[in-house]
Amino acid sequence: MNEQAIIQDENEIVLDVYGITKSFSDNHVLNGIDLTVRKGEVIVILGPSGCGKSTFLRCLNCLEDPTSGEIIFDGENLADMKVDINKHRRKIGMVFQNFNLFNNKTVLKNITLAPTHIALKELRAKKIKNFFIKIGNFFRKNKKELLIIEKTKKEIIKESNDNAYALLRRIGLEDKANEYPSTLSGGQKQRVAIIRALAMNPKVMLFDEPTSALDPEMVGEVLNLIKEVADDGMTMVIVTHEMGFAREVATRVIFMDEGVIGEQGTPSEVFDNPQNPRTKQFFNAIL
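Residues numbered from 1 in each chain as written. Predicted model: local features only at pLDDT ≥ 70, side-chain atom pairs only at ≥ 80, totals over all residues. Heavy atoms only, no water.

Engineer: Outline the overall build of the protein chain, supporting the account with residue identities and numerical values.
Structural biologist: Counting its secondary structure elements, the protein chain contains 10 helices and 10 strands. Expressed as a percentage of its 287 residues, the buried residues of the protein chain come to 47%. Accessible area of the protein chain: about 15,100 Å², with a carbon and sulfur share of 48%. Between the averaged position of the 38 positive side-chain charges in the protein chain and that of its 39 negative side-chain charges there is a distance of 12 Å. (Helix = DSSP H or I, 4+ residues; strand = E, 2+ residues; numbered from the N terminus. Buried < 20%, exposed > 50% of the residue type's maximum accessible area, 1.4 Å probe, protein only. Areas by Shrake-Rupley, 256 points an atom, 1.4 Å probe, with all protein chains shown as cover. Lys, Arg positive; Asp, Glu negative; His and termini not counted. Charge placed at Lys NZ, Arg CZ, Asp CG, Glu CD.)

Engineer: Describe a nonpolar patch on the surface, naming the residues involved and giving the relevant values.
Structural biologist: Together, Ile 128, Phe 131, Phe 132, Ile 135, Phe 138 and Phe 139 line one region of the surface with nonpolar side chains, adding up to about 750 Å² of accessible area. In this structure, Phe 138 sits in the loop between α4 (107–137) and α5 (153–170). Relative accessible area serves as the criterion here: at 69%, Phe 138 is assigned to the exposed category. (Patch = residues over 30% accessible without salt bridge, like charges linked within 9 Å, V, L, I, M, F, W, Y side chains within 5 Å. Salt bridge = Lys/Arg side-chain N within 4 Å of Asp/Glu carboxyl O.)

Engineer: Outline the pattern of salt bridges, listing residues and values.
Structural biologist: Considering all chains together, one arrives at 15 salt bridges under this definition. When the shortest N-O distance is used, the salt bridge between Glu 159 and Lys 151 registers 2.8 Å. Put simply, Asp 257 and Arg 278 hold a salt bridge, and the shortest N to O gap is 3.2 Å. Taken together, the positions of Asp 257 in strand β9 (residues 252–257) and Arg 278 in helix α10 (residues 277–286) put the pair 21 residues apart, joining distant regions of the chain. For Arg 278, a relative accessible area of 26% gives the class partly exposed.

Engineer: Tell me what's going on with the confidence of the model for the protein chain, and back it up with residues and numbers.
Structural biologist: Residues shown with low pLDDT carry predicted positions that ought not to be read at fine detail. When pLDDT is averaged along the protein chain, the result is 92; 97% of the residues meet or exceed 70. Every residue in residues 1–8 scores below 50 in pLDDT, and together they form 9 contacts with partners more than four places removed in sequence or on other chains. (pLDDT = per-residue confidence, 0-100. Contact = heavy atoms within 4.5 Å.)

Engineer: Summarise the sheet that holds strand β2 (residues 27–38); cite the residues concerned and give the values.
Structural biologist: In any sheet, the strands associate via hydrogen bonds between backbone groups, in a parallel or an antiparallel arrangement. Here 4 strands make up an open sheet; going across it, the order is β2-β1-β4-β5 and the pairing antiparallel. In this open sheet, the two edge strands, each paired with only one partner strand, are β2 and β5 (76–77). Across 2 bridges, strand β4 (residues 68–73) lies against β5 in antiparallel orientation. When the bridges of β5 are listed, Phe 73 appears paired with Glu 76. (Pairing = 2+ DSSP bridges.)

Engineer: Describe the pairing of β9, and please don't skip the residues or the numbers.
Structural biologist: Burial analysis of β9 places 6 of its 6 residues in the buried class, which makes it a mostly covered element. Relative to β9, strand β3 (residues 42–46) runs parallel, the two being bridged by 4 bridges. Opposite Val 44, over in β9, you have Val 253 as the bridge partner. Judged from the 5 bridges that link them, β9 and strand β10 (residues 260–265) form a sheet pairing that is antiparallel. Bridging across to β10, Met 256 finds its partner in Ile 261.

Okay, here's the thing in structure tokens:
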């Protein structure tokens, strides 16, 4: 982790969470969580199964709508039902336990689908606006300037493909570009899922137990990629049971229990000198 980059960006808040709760009928999963995520931080969330870790992560980009509370991202409250959540999800990468790749699309198409669709949608919108500006200019004394169209459809597709191939080269899977996910190992699928999220150039990456569905021999290749992305300065929130990985990659460790944050601090503070009795009990049972 680039400590200098963290210090430089320590005042830039990426996500600000206030009083998040989540209930499923009478089951209260999250009971009021506050969390500030700053640029360059790698926050690892630990805790026993069923404590609300994954639910909290899914609330951060409203895959689960919080019952109450606020999630401030890019100046807007994502928990507000009036907000265009899809616009903000473009900048919040999500990596799931079970990869969530499109099995009917090639590896290349999995990576390029979202960025190409968004760029082409924006291109169409500009062309439509320019069409109406041109019509309006026939009746205006002071002509309006047309919107600048920086890239053609062909250029957008090429740029998206070039970026995808560059990302595949990074993980050593360029030769798999035209294959389908069913031909990949679990570790390869998860690495493709990670670079698919990176292709959107997100501000923050969320990882929901990214190695839990992998065979033990595949865990290392996925964790190494996550470490590389962290070293590049990506802001991350990671739910994991990999304690050694958490100690090595995290800038802050959070221990959750019964839907609340029981303790947080640097890896050395939380692992070597936990203050909460429940945290001590948890580590004594698994370490």
